Amino acid sequence: MYAGMTADRAASTASGGNRRIDLRSDTVTQPTEAMREAMARAEVGDDVYGEDYTVRALEEKVAGLMGKEAAVYVSSGTQSNLLGVLSHCQRGEEYLIGDVYHVFKSEALGTSVLGGVACYPMKTDAGGGLDPAQVKAGIKPDDPHSPITRLLCLENTVSGRVQEQDRIEALAETAHAAGLAVHMDGARLMNAVVKTGRPAADLVRSIDTVSLCLSKGLGAPVGSVLSGPKDFIKRARRMRKMLGGGMRQAGVIAAAGLHALDHHVERLAEDHANARRLAEGLAAIPGLTVDLDAVDTNMLFIQPKPDDIDPLRAHLAERGIVLSGQRPKIRVVTHLDVTEQDVDRVLEAVGEFYRGR
Ligand SMILES: *Cc1c(COP(=O)(O)O)cnc(C)c1O
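Residues numbered from 1 in each chain as written. Predicted model: local features only at pLDDT ≥ 70, side-chain atom pairs only at ≥ 80, totals over all residues. Heavy atoms only, no water.

(A) Layout of helix α2 (residues 33–41). Taken residue by residue, α2 has M35, A38 and M39 as its buried positions. Down the axis of α2, the sector holding all buried residues measures 100°, keeping them to one side. Set apart from the buried face of α2 by more than 90 degrees, the exposed residues are E33, A40 and R41. Tucked inside the fold, the buried residues of α2 contact α12 (251–263). (Buried < 20%, exposed > 50% of the residue type's maximum accessible area, 1.4 Å probe, protein only. Helix = DSSP H or I, 4+ residues; strand = E, 2+ residues; numbered from the N terminus. Arc of directions from axis to C-beta. Contact = heavy atoms within 4.5 Å.)

(B) Summary view of a nonpolar patch on the surface. Together, V113, L114 and L243 line one region of the surface with nonpolar side chains, adding up to about 290 Å² of accessible area. Structurally, the position occupied by V113 is in helix α6 (residues 110–115). According to the relative accessible area criterion, V113 is exposed, its value standing at 62%. (Patch = residues over 30% accessible without salt bridge, like charges linked within 9 Å, V, L, I, M, F, W, Y side chains within 5 Å. Areas by Shrake-Rupley, 256 points an atom, 1.4 Å probe, with all protein chains shown as cover. Salt bridge = Lys/Arg side-chain N within 4 Å of Asp/Glu carboxyl O.)

(C) Structural context of the pattern of salt bridges. All chains considered together, the criterion is met by 22 salt bridges. The partner of R188 in a salt bridge is D26, with the nearest N and O atoms 2.8 Å apart. Remark: D26 occurs in the loop between β1 (21–22) and α2 and R188 occurs in the loop between β6 (181–186) and α9 (189–196); sequence separation between them is 162 residues. Between E352 and R319 there is a salt bridge, with its nearest N and O atoms 3.1 Å apart. With E352 in helix α15 (residues 340–355) and R319 in the loop between α14 (309–318) and β11 (321–322), this residue pair connects regions lying 33 residues apart in the sequence. By relative accessible area, R319 is classed as partly exposed at 30%. Each of R20, D22 and R24 takes part in a single network of salt bridges with overlapping partners.

(D) Layout of the site of the ligand. Around the ligand sit S76, G77, T78, N81, H102, E107, E155, D185, A187, R188, C213 and K216, and that is every residue in its neighbourhood. With respect to the ligand, the backbone of G77 contributes an N or O atom lying 2.8 Å from an oxygen atom. Contact distances for the ligand include 3.5 Å between a nitrogen atom and a side-chain N or O atom of H102. Against a free-state accessible area of 380 Å², the protein chains account for coverage of 81% of the ligand. It is helix α4 (residues 77–88) that provides the largest number of residues to the shell around the ligand, a total of three residues. Of the residues contributing to the shell around the ligand, the split by class is two nonpolar, five polar and five charged. (Near = heavy atom within 4 Å. Polar contact = N/O pair within 3.5 Å; in protein donor to acceptor, adjacent residues only side chain to side chain. Nonpolar A, V, L, I, M, F, W, Y, C, P; charged D, E, K, R; others polar.)

(E) Geometry of the pairing of strand β8 (residues 224–228). Burial analysis of β8 places five of its five residues in the buried class, the great majority of the element. On β8, burial covers both faces: S224, L226 and G228 on one face and V225 and S227 on the other are all buried. Taken together, the five bridges between strand β2 (residues 70–74) and β8 define a ladder with antiparallel strand orientation. Following the sheet pairing, Y73 is matched in β8 by V225. In terms of strand pairing, strand β7 (residues 209–213) meets β8 through four bridges, oriented antiparallel. Bridge pairing in β8 links L212 to V225. (Pairing = 2+ DSSP bridges.)

(F) Just the packing of helix α3 (residues 53–66) against α12, in detail. In contact at an axis separation of 8 Å, α3 and α12 are set at 35° when each is read in the N-to-C sense. By crossing handedness, the relation of α3 to α12 is classed as left-handed. Two secondary-structure elements touch here, α3 through T54, V55, A57, L58, K61, V62 and L65 and α12 through G251, A254, A255, G257, L258, L261 and D262. Residue classes in the contact of α3 with α12 are distributed as nine nonpolar, three polar and two charged. (Axes fitted to C-alpha atoms, helices over the stretch in contact; angles between N-to-C directions. Left-handed = near helix turned anticlockwise from the far one by under 90°.)

(G) Representation of the pairing of strand β5 (residues 148–155) within the structure. Judged by how many residues are buried, β5 sits mostly within the fold: six of eight residues are covered. Of the pairings in the sheet, the one linking strand β3 (residues 93–98) to β5 comprises five bridges and is parallel in character. By the bridge assignment for β5, E94 is matched with T149. Looking at chain direction, β5 and β6 are connected through five bridges and run parallel. Note that in β6 the partner of L152 across the bridge is V182. Following the backbone out of β5, through helix α8 (residues 165–177) and into the adjacent parallel β6, one traces a crossover that is right-handed. (Right-handed = clockwise from strand over helix to strand, strands pointing away.)

(H) Inspection of the side chain of H272 at higher detail. Tracing the sequence through the fold places H272 in helix α13 (residues 268–283). By relative accessible area, H272 is classed as buried at 9%. Setting aside its immediate chain neighbours within four residues, H272 contacts N191, V194, K195, T297 and N298.

(I) Representation of the sheet that holds β6. Strand order in this open sheet of seven strands is β2-β8-β7-β6-β5-β3-β4, and the pairing throughout is mixed. Sheet topology places β2 and β4 (118–122) at the edges, where each strand pairs with a single neighbour. When strand polarity is set aside, the average angle formed by the axes of neighbouring strands in this sheet is 20°. α4 rests against β2, β3, β5, β6, β7 and β8 of the sheet, and its axis sits at about 20° to β8. Helix α11 (residues 230–242) contacts β2, β7 and β8 of the sheet and is inclined by roughly 20° relative to β2.

Here it is, written out as structure tokens:
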């Protein structure tokens, strides 16, 4: 271990006044000591041979949580969604998706590049939702001029917003009635589970394949799990190998995922409470716009005046608080490594900035 690495870790995890508070994303969480112990103790084997006990336990656990037949452990949410879409669609086929969803916007369109699958983005409403009528209208006729529409791709949560369950059911029903399958990018599905108090299996009952990220608010250092029917997961497993995603003694990292599911789900409620309190506190500061209605789980969006953005980021950086570089709206995310006291520190630092304007 080199010295800088130790210092970085100390800076991001130590308690005390100058502890770094990173609000850019819930991907920045550090594995806890207990998680590191679980990783160190993990029983491992060669997962490509299907002999890693820990990976298999994680896959079985997530499949059970989602109420699906099978699951496959993968390196990232992007890989999970890619395998999900490609397990449904062949070259020349198409999927429908919301235009703000991660699979369309933030995964280098691997589905098209690697799968030869066309993607049909549809405008989402302010809450990140789609309408069944859009799905109906998006499905192409069986005609040589068009690709074959095969799949509807949903997301939950969308920018921290829990999607209305009735709407999800209606969307899935519309898709299924037309012979489409439904994939859900549930990167932060457990935030929706904690927020609604409903089991994951309930939220994805009408969904065919679902991807869950372990490395977001759940706090694992790496990994996602794709769940679905046995034959789809079998196909996904072959494609995972093809993409170079077959891992060997992966139980070392899968153990972190198991630990996260056992210990970090209920506590997401703390992240939600922290996001809410942070949003309300920031909204009360003159000069700063915060959309309080959009705060459902662990995300909020603040909109400083354009000229204030860089000075505000610099002011916070000097105080160990890291904001993302987005504009005009800046996403602020709470997570495992943001405490109630951190929320106070952020409110104080932002308040100080605006008092000086
Ligand atoms: C983070 C994220 C993913 C997957 O991201 P990876 O960085 O590839 O793990 C997928 N969908 C959503 C909504 C996400 O936030």
